[in-house]
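Here's the letter readout for the chains.
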Amino acid sequence: MKLTFLGADHEVTGSCHYLCVGDKNILIDCGMEQGNDVYENQELPIPASDVDYVLLTHAHIDHSGLIPLLYVHGFRGKVYCTEATVQLCDIMLRDSAHIQMFEAEWRNRKAKRSNGTLKEFVPLYDAKAVYEVMKQLVGVRYDEIIDIDDNVSVRFKDVGHLLGSASIEVWAKEDTPQGEVSKKIVFSGDIGNVNKPITKDPAMVDDADYVVMESTYGNRSHNGTPDYVKELVNVFKRTFDRCGNVIPSFAVGRTQELLYHIRKIKADNLIDRDFDVYVDSPLAIEATEIFSKNVEQCFDDDAIKLVNEGINPLSFPGLKYAISSEESKMINFDPNPKVIISASGMCEAGRIRHHLKHNLWRPECTVLFVGYQANGTTGRIIVDGIDEIKLFGEPIQVKAEIAQLPGSSGHADKDGLIRWVSAFKNKPDKVFVVHGEDSVCEEFTECLKKEHGFNAYAPYTGGSFDLATGMMITEGNKEKKSRRTTVNKRNRSIYDRLVAAGKRLMTVIMHNEGGANKDLAKFTDQINSLCDKWDR
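Residues numbered from 1 in each chain as written. Predicted model: local features only at pLDDT ≥ 70, side-chain atom pairs only at ≥ 80, totals over all residues. Heavy atoms only, no water.

*Asks:* How would you summarise the sheet that holds strand β22 (residues 464–466) if you had to cite specific residues and measurements?
*Replies:* With mixed pairing, the 8 strands of this open sheet are ordered in space as β6-β5-β4-β3-β2-β1-β22-β23. Each edge of the open sheet is held by one strand with a lone partner, namely β6 (137–140) and β23 (471–474). The average undirected angle you get between the axes of adjacent strands in this sheet is 25°. Relative to strand β5 (residues 78–82), helix α3 (residues 83–113) is tilted by about 110°, and along the sheet it contacts β5 and β6. (Pairing = 2+ DSSP bridges. Helix = DSSP H or I, 4+ residues; strand = E, 2+ residues; numbered from the N terminus. Axes fitted to C-alpha atoms, helices over the stretch in contact; angles between N-to-C directions. Contact = heavy atoms within 4.5 Å.)

Now the structure itself:
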């Protein structure tokens, strides 16, 4: 019984953990990295076709974004997640594929004009891969124990980070020379902040042998629950007084919370002028519809109360949706002060980059950041105070007001993380600290050890542990990547896919052992014909 850490180790994005139980191979999350890649992540040590299950904590791309690539490489197992996560993944993974395909088209136009200077850009996956892998997602309800295998059972607990987000309890057993070994491993997923609108507070888990937990805000406090409505009113008023626009940068989940707050601002007439709110993100529009379909299982008591009173908590007068690109472009021709909600939350892709291009240079406007901005992302660079940034190849002066909504993150702060891990009645054998910036992982690990008495450790990518004995097998890679050695994995992806296809072919060959001679002969001829064609 072995646990290997493959992503978001001493980093915040790209979550992926590999659990081997007997002959079953299980991934917990399979996320895409965003921003700077500090460490060279260990590749999956087995062919994707050998992965039996993926357990997905939630739909955000840094946890789910490489599942379609896993499919491209041959994965055909099941992906277990909550029902709301299935629905959100359907739109978020399609959006991810669309962004990659659009970027590939744009880059390859430039490559053709470069006379061979620029290489062809290949997307990690396309819409077809998303369509196919979505058939493998299995939706489950919170708090129900699911036997995914004779030796593995799981339960999803609402962790309050996003609609459908979960911590996952895994009960695993396997036969060893010393007898049967049974262990319980809990994967926290992204632990939610408390007193947030719409979603419930994180549910606690009270027993585990091992815990793998996030540490995004492991060295910071949100300083209590802010008055979100009051903070937004202040930002809106001073920006509208300057006749400017407010451009909040929001991920899925935070967008719906903003709509919830603006509905209250308008209902209570807290701003003495009318203003329009544009949701300029097809993804956010579809996500809002999904939120409305999951009231009973996912909404908190306050949101359910509004629904029972016949009030849509995510709608109000003056709310407008921009679906087509033409509708998006027309927003910037509206001279009236307004709120433009766009994505992505870290400004790495999507329509928000166009709105930044049109508004960042205007001192009367405000760009409002909510939630965590990973190192190296466009959002983090702007928040850190850069004077000029390049968008679509054009330098843009940063003269707009740059604001943040304090305490509004979807992640628990240090106190919230400690509250969650302290809910275990007996201290786990070991707490693995992941999903935090390099120094934060170390700081939070030391806090757990010295101040709270936990046996805590922050693993590096490639690190592995024998869960039966509790012993470390490999330490992992502690060496940081230099800029010179940083490689764009997308440019290698076609050859990687070819190698993966070869590995899958070997797996298929093994599966055909004992087949009819006629079928095996036909299969052999087809392989030889393919080899004759491509052997150069």
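*Asks:* Quick one: what's the story with the packing of aromatic side chains, residue by residue and with numbers?
*Replies:* Considering all chains together, one arrives at 10 aromatic pairs under this definition. Judged by centre distance (5.0 Å) and plane angle (50°), the ring pair of Phe5 and Phe432 falls under tilted. A residue pair is termed long-range when its members are at least 10 positions apart, and Phe5 in strand β1 (residues 2–7) and Phe432 in strand β20 (residues 430–434) qualify at 427 residues. On the accessibility criterion, Phe5 (0% relative accessible area) is buried. On the numbers, 5.8 Å between centres and 70° between planes, the contact of Phe236 with Phe275 is edge-to-face. Placement of the pair is Phe236 in helix α5 (residues 228–241) and Phe275 in the loop between α6 (254–267) and β13 (276–280), with a sequence separation of 39 residues. For Phe236, a relative accessible area of 0% corresponds to the buried category. Three or more aromatic residues link up through ring pairs in this structure, and these residues are Phe5, Tyr210, Phe432, Tyr457 and Phe465. Against the face of Tyr71 rests Arg76, its NZ or CZ located 3.8 Å from the ring centre. A cation over a ring is seen here: Lys266 above Phe275, with NZ or CZ 4.4 Å from the ring centre. (Phe/Tyr/Trp six-rings, centres within 6.5 Å; stacked < 30°, edge-to-face > 60°. Buried < 20%, exposed > 50% of the residue type's maximum accessible area, 1.4 Å probe, protein only. Lys NZ or Arg CZ within 6 Å of the ring centre and 35° of its normal.)

*Asks:* So what's going on with the environment of Leu467? Residues and values would help.
*Replies:* Turning to its location among the elements, Leu467 is positioned in the loop between β22 and β23. In the structure, Leu467 is positioned 285 residues away from Ser182 in sequence and 9.5 Å away in space, judged by C-alpha atoms. Contact partners of Leu467, with chain neighbours within four places excluded, come to Met1, Leu3, Leu19, Lys183, Ile185 and Tyr210.

*Asks:* For the packing of α6 against helix α7 (residues 282–293), give the residues involved together with the corresponding values.
*Replies:* Where α6 meets α7, the closest approach of the two axes is 9 Å, and the angle between their N-to-C directions is 75°. With respect to α7, the element α6 is oriented roughly perpendicular. Along the contact surface, α6 presents Thr255, Gln256 and Leu259, while α7 presents Ala284, Ala287, Thr288 and Phe291. (Parallel < 35°, antiparallel > 145°, perpendicular 65-115°, else oblique.)

*Asks:* Describe the pattern of salt bridges, listing the residues and the values that go with them.
*Replies:* This structure, assessed with the given rule, holds 28 salt bridges. Glu446 is the partner of Lys449 in a salt bridge, and the nearest nitrogen-oxygen pair spans 3.1 Å. With Lys449 and Glu446 both in helix α14 (residues 438–452) and 3 residues apart, the pair spans about one turn of that helix. What makes Lys449 partly exposed here is its relative accessible area of 36%. Between Glu446 and Lys450 there is a salt bridge, with its nearest N and O atoms 3.4 Å apart. Taken together, the residues Glu446 and Lys450, both in helix α14 and 4 residues apart, mark about one turn of the helix. Looking at Glu446, the relative accessible area reads 28%, which means it is partly exposed. On the basis of relative accessibility, which here comes to 68%, the residue Lys450 falls in the exposed class. Three or more residues are tied together by salt bridges with common partners; here these are Arg155, Glu169, Lys184 and Asp207. (Salt bridge = Lys/Arg side-chain N within 4 Å of Asp/Glu carboxyl O.)

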